[in-house]
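Given next are the chains, with one letter for each unit.
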Amino acid sequence: MLREIDLAEVSDGRLYSSNDMAKTDCKGCIGCSDCCRGMGASIVLDPLDSFRISEGLHVSFEQLLSDSFELGVVDGLILPHLKMAGPEEACTFLTDEGRCSIHSFRPGICRIFPLGRFYEKNSFQYFLQVHECPKTDKSKVKIKKWIDTPNLKTYETYISDWHYFLKHMQDYILSQNFADTSDSNTEGDGIAKTLSMHVLKQFYLTPYQSGEDFYPQFYERLEKSRLFFHI
C-alpha cells in the first residue's frame, strides 16, 4: 500500500535491519488476538503468501477466494487480502480459542507484526509500530529470528522486487487517471482493470508447481511481465 508516514508518530523513530534486535516478542500472545480482528482489507497478500497458504491447506487460490480471501483495490490494482468475518470481524483462520490455525504458513504482514516495512531506494527497512499492539511487556529478539522465514535474504529481495514491480504498475495507472480529466475516466479504468487482471492471473490464479521452489517460478513470471509492460 502506497502511503506517506511520519515515523516519529507511528514508531520508536528507528529503522531496523533483520540483524537488529527489536521489542517484538509478545510471549506467545497469550490471551490476545487483537491483531487478528477488525483489520479490514489491510492484510494484503503477496504471491508467496498465497502459495504458502494454498500449499499448507492443499486448496487452490480460487477455493480460498470463496471463503478466506477477498479481492480489493490497492492504489489502483485489484489484489487479494485476508477476509474478516463475523460480529467481531475476525480473520477466518482464527480459531474459537483465538489462535491462528495457519501460524506456520501465515502471511508476511502477520509474520513481521508488530514490525512494518519502510521502502526507499529500491529496498526496505523495518520499523517498530508502537501503537498497533496492546501488549506492553514485549521483549527484545533478533528480527530475523522473529520473522522465522527460510532463506531470509532471498525472501527480502523478493519482497522488494514485488513491491517495486507493483509500484511501477500503480504509478502508471495513477498517471493515466491524472491524464484523463473526463468525469467517467473510462480509459484509465480500463487500463487499471487490464493491469489488475494480468497481475491476478499471472501471479495468483495460474497455479505454481507444488513441491518445487517458489522463487524461480515467481521470477520467471516477473521477468515476462516486466518485458511485456517494459518495466
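Residues numbered from 1 in each chain as written. Predicted model: local features only at pLDDT ≥ 70, side-chain atom pairs only at ≥ 80, totals over all residues. Heavy atoms only, no water.

Colleague: Can you lay out the pairing of strand β7 (residues 123–128) for me, pointing to particular residues and giving the numbers?
Modeller: Direction of pairing for strand β6 (residues 115–120) relative to β7: antiparallel, over a ladder of six bridges. Its bridge partner lying in β7, Glu-120 is registered against Ser-123. As consecutive antiparallel partners, β6 and β7 are separated by two residues, and within that stretch Lys-121 has a phi angle of approximately 55 degrees, a positive value. (Pairing = 2+ DSSP bridges. Helix = DSSP H or I, 4+ residues; strand = E, 2+ residues; numbered from the N terminus.)

Colleague: Before we move on, can you summarise the layout of surface pockets with the specific residues and values?
Modeller: For the second largest pocket, the calculated volume is near 220 Å³. Ser-54, Val-59, Ser-60, Pro-207 and Tyr-208 are, among the 15 residues lining the second largest pocket, the residues nearest its centre. Secondary-structure elements contributing two or more residues to the lining of the second largest pocket are α2 (47–57), α3 (61–67) and α7 (186–205). Considered class by class, the residues forming the lining of the second largest pocket number seven nonpolar, six polar and two charged. (1 Å grid on protein atoms, 1.4 Å probe; cavity = no way out; pocket = protein on both sides within 12 Å on 5 of 7 lines; lining within 4 Å. Points joined across faces, edges and corners; volume = space filled by probe spheres on them. Nonpolar A, V, L, I, M, F, W, Y, C, P; charged D, E, K, R; others polar.)

Colleague: Describe α2, and please don't skip the residues or the numbers.
Modeller: Burial of α2 is extensive: eight of the 11 residues sit out of reach of the surface. Residues of α2 that are buried include every one of Pro-47, Leu-48, Asp-49, Ser-50, Phe-51, Arg-52, Ile-53 and Ser-54, and no others. Capping of α2 at its N-terminal end is provided by Asp-46; its side-chain oxygen lies 2.9 Å from the backbone amide nitrogen of Leu-48. Following α2 by one or two positions, His-58 has its phi on the positive side, about 60 degrees. (Buried < 20%, exposed > 50% of the residue type's maximum accessible area, 1.4 Å probe, protein only. Polar contact = N/O pair within 3.5 Å; in protein donor to acceptor, adjacent residues only side chain to side chain.)

Colleague: I'd like to hear about the pattern of salt bridges, residue by residue, with values.
Modeller: In this structure the tally under the stated criterion is four salt bridges. Residues Lys-153 and Glu-156 are paired through a salt bridge, measuring 3.6 Å at the closest nitrogen-oxygen approach. Of this pair, Lys-153 and Glu-156 both sit in helix α6 (residues 152–179), three residues apart, roughly one helical turn. On the basis of relative accessibility, which here comes to 53%, the residue Lys-153 falls in the exposed class. You can call Glu-156 buried: its relative accessible area is 10%. (Salt bridge = Lys/Arg side-chain N within 4 Å of Asp/Glu carboxyl O.)

Colleague: Provide a residue-level description of the packing of aromatic side chains, including the pertinent values.
Modeller: How two aromatic rings sit relative to each other is set out by the distance from centre to centre and by the angle between their planes. Using the criterion set out here, one finds 22 aromatic pairs in the structure. Ring geometry for Tyr-155 versus Tyr-158: centroids 6.2 Å apart, planes at 40 degrees, classification tilted. Taken as a pair, Tyr-155 and Tyr-158 lie in helix α6 at a separation of three residues, close to a single helical turn. Across this residue pair, the class does not change: Tyr-155 and Tyr-158 are buried. Across the ring face of Phe-124, the terminal group of Arg-117 is positioned such that the distance to the ring centre comes to 5.8 Å. Over the ring of Tyr-208 we find Arg-221; its NZ or CZ atom is 3.7 Å from the centre of that ring. (Phe/Tyr/Trp six-rings, centres within 6.5 Å; stacked < 30°, edge-to-face > 60°. Lys NZ or Arg CZ within 6 Å of the ring centre and 35° of its normal.)

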